[in-house]
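Overview (structure and organization)
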Amino acid sequence: MAMNGYEGGLKMIEELTTNAEQTQDEVLREILSRNVGTGYLMGFLHGQTEKWLFKKNVLVVTYEDLKPFIDRIANRETSEILLAKPVTGFYLSSGTSGGQPKLMPVTAEYQKNGALYDTLSQSLTMRHFGDINQAGKRMELMFARPEIETPSGLKAASVLTSVYNESKFRTILPKLYTSPIETIFCPDPNQGLYCQLLFGLIQRDEVVRVGSLFASTVLRGIKFLENHWQELSYDIKTGRLSDWITDSGCRNAASLVMKPNPEQADLIENISNCKSWEGIVTKLWPKARYISCVCTGVMRQYIAELEFYCRGLPLVSTFYACSEALCGINLEPLCKPCDVSYTFLPNMAYFEFLPVENDHDESIEMKRNDEDTELVDLVNVKVGQCYELVVSTCAGLYRYKVGDVLMVSGFYNNAPQFQFVERKNVILNVDQEKTSETDLFKAVIEAKALLDPLGFILTEYTSYVDTSSAPGHYVLFWEIKGKEGKHCKELDPKIMVECCTRMEESLHYTYKIYRKRNIIAALETRVVKQGSFEALMDYYVSKGTSLSQYKKPNCIKSEEALKIIDSRVIGKYFSPKSPL
Ligand code: AMP
């Protein structure tokens, strides 16, 4: 369909959401007719392409099930063992929530889908904020990771790195973004971040949008700025880049635009040199219209802090997507971050939904589907019900569990809208009580309310189950910041003990019963030094995660990551009694 400004995009969204069922059927027909001869599908369908047979016979799988096939393709075997179209490369998922990064086969078609998805998503922001491409530039924090070459010669890169490598992106970059390409590809993310902030400040009068893919990266940028604004304004004043920026690409890019600008530097200094950084983003980038970053899912914990720094600007979560498939877009970019729903686009993949119990029972798992009623089709999901997302794509994923739990919040035309609930695999578990990411989030919210009136903010948290002594117990790591120069050492230990109690009281019924029966020991909170979570992020980035795609794990599974955070503990507190 030819696009005519943003109206073309909006029209297409109308058509797709109206014809959701038909579009989904077409997508499945295409996937099956094209791939039925692959080794993988032959094993289930024996050359047949009917939908009911697909639903009856094809197993619902996880990455682990497909990994041997994907690894064989990466190791030079023909991609026809899994998919019909040639594999052009692999996407590397971030791997922060689930452990190891995953390799996802990519085809040329998948990349085309990406361009369409972008256009549709942009038409929605244009409807609300006007044509920001004409109005000015985006200060977007972007970080590429080095590509990995697989034995087959095919490259594996994060989705974003692949986008940054596209010639189309490189062509529009200087016109639409403040960051030069060299700063995005800088091998040292800190040097890259410093330079991206520098370029963003130099062009501050042109910036109409500030953002990054995820809220955590925007916050990382603001905190970095809080620690480096004097140095940055000195560089702007003198027109010279700090010596610690040794990356030649960054230095070359800077040498092309930097010249002494004492007026701009003075303005930046005056704005930054104040006691409270509330609303700093609006002051430094006065023409910014909104902050673009995903604020849902694990990112919701950053909303309060981002709202503080970005006071006056809406936080806009535009998309819900993963390395496996592009899924939904936010039709109401101006709604409150906590109300964001993503409307699924039925042409992006074939979507099915595994019902998940809303209480603490396990999701209704099944390996073999004897009846096609067990997995629900896109158009048949029920409002208020939670589901685990299952996708099939032309790029070799068939009935693949993404690991995300979503709740249906409504419908737009015939396409369902989902709120992101949680990652399925992020749970704390001592003895089958299964605490989910959302359970933990709610408990933390309740407890942190005790700190707010005392002038302290909980800026980050994570957790793990300590089973080194019996019975095991939950450990929460908290990074706390004092408002207006207060130090977290001034915090009364009794309050921290109360926070532990409040969390236990706010956890679910099963947890509380187990605590009473001493199946689980007292919850512990370990307060960590400032910057500990940045060190954790640095660790994951050093292991290959892209800073742009980084999602802090809400539960730490890696020994090494645990050592990093545990070595920064400055206080330990336990809940003194079992919850009521
Ligand atoms: P990756 O595999 O690195 O591309 O990360 C994809 C994952 O990021 C998804 O499976 C979700 O868990 C998470 N994610 C992506 N978009 C959103 C969103 N809008 N809200 C919440 N989580 C998201």
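Starting afresh in each chain, residues are numbered from 1 along the sequence in its written order. Since the coordinates come from a predicted model, pLDDT governs what is reported: local features require at least 70, and pairs of side-chain atoms require 80 or more to be given and counted, while whole-chain, interface and lining totals use all residues. Side-chain numbers here rest on the full set of heavy atoms in the structure, without hydrogens or water.

Per an unreviewed UniProt entry, the recorded name for the protein chain is Indole-3-acetic acid-amido synthetase GH3.17-like, and the organism is Gossypium darwinii. UniProt positions are given in the numbering used here, feature names are shortened, and annotations may be inferred rather than shown by experiment. Per UniProt, the protein chain carries the Sequence similarities (unreviewed entry) text "Belongs to the IAA-amido conjugating enzyme family."

**Things to note about the domain arrangement of the protein chain**
The split into domains, and so the bounds of each, comes from an automatic or database assignment of domains. Assigned domains within the protein chain: domain 1 (177-286) and domain 2 (437-574). The gap between the C-alpha centroids of domain 1 and domain 2 is 31 Å. Counting residues at the interface gives nine residues for domain 1, matched by twelve residues for domain 2. Note: buried area is the sum, over both parts, of the accessible area (probe 1.4 Å) each one loses when the two are combined. Here domain 1 packs against domain 2, burying approximately 1,100 Å² in sum over the two surfaces, 57% of which is carbon and sulfur. Ranking the residues of domain 1 by area buried against domain 2 places F214, R220 and K223 at the top, with a combined share of 46%. Salt bridges, as used here, are contacts in which a Lys or Arg side-chain nitrogen is within 4 Å of a carboxyl oxygen on Asp or Glu. The tally of links from domain 1 across to domain 2 stands at two salt bridges. Polar contacts here mean pairs of N or O atoms no more than 3.5 Å apart (in protein, one a potential hydrogen donor and the other a potential acceptor; neighbouring residues in sequence count only if both atoms are side-chain atoms). Put simply, domain 1 and domain 2 have two residue pairs in polar contact (both at pLDDT 80 or more) between them. Listed by contribution, the elements that provide at least two residues to the side of domain 1 that touches domain 2 are β6 (207-214) and α12 (215-238). Element by element, the count of residues in the side of domain 1 that touches domain 2 is highest for α12, at five residues. Every residue pair with non-hydrogen atoms within 4.5 Å of one another is taken to be in contact. Counting from the N terminus, the helices are DSSP H or I runs at least four residues long and the strands are E runs at least two residues long.

**Brief notes about the sheet that holds strand β21 (residues 524-528)**
Should DSSP find at least two bridges between two strands, the strands are regarded as paired. In space, the four strands of this open sheet follow the order β19-β20-β21-β22, with mixed pairing throughout. Lying at the two open borders of the sheet, with one neighbouring strand each, are β19 (456-466) and β22 (569-574). Pairwise comparison of adjacent strand axes, ignoring direction, gives a mean angle of 25° for this sheet. To obtain an axis, a line is fitted to C-alpha atoms, over the contacting stretch when the element is a helix, and the angle between two such axes runs from 0 to 180 degrees between their N-to-C directions. Along the sheet face, helix α18 (residues 493-506) touches β20 (473-482), β21 and β22 and points at about 55° away from the line of β22.

**Section: the side chain of T462**
Positionally, T462 belongs in strand β19. Owing to a relative accessible area of 0%, T462 belongs among the buried residues under this scheme. Reaching out from T462, the side chain makes a polar contact with the backbone oxygen of N554 at a distance of 3.4 Å. Throughout, exposure labels follow a simple rule: accessible area from a 1.4 Å probe, protein chains only, divided by the maximum for the residue type, with under 20% read as buried, over 50% as exposed, and the rest as partly exposed.

**Observations concerning the sheet that holds strand β1 (residues 89-92)**
Read across the sheet, four strands follow the order β2-β1-β5-β4 without closing on themselves; strand pairing throughout is mixed. Strands at the two margins of the open sheet, each flanked by one partner only, are β2 (103-106) and β4 (148-149).

**Notes on the site of the ligand**
As a structural note, the neighbourhood of the ligand is formed by 17 residues, with S94, T296, F319, S323 and D404 the closest of them. T296 places a polar side-chain atom, nitrogen or oxygen, 2.6 Å from a nitrogen atom of the ligand. Contact distances for the ligand include 3.1 Å between an oxygen atom and a side-chain N or O atom of K551. Only the protein chains shown count as cover for residues, and all accessible areas are computed by the Shrake-Rupley method using a 1.4 Å probe. Protein coverage of the free-state accessible area of the ligand, which is 490 Å², stands at 93%. Elements supplying a minimum of two residues to the shell around the ligand: β9 (319-321), β15 (400-412) and β16 (415-423). We call a residue near a molecule or strand when any one of its heavy atoms sits within 4 Å of it.

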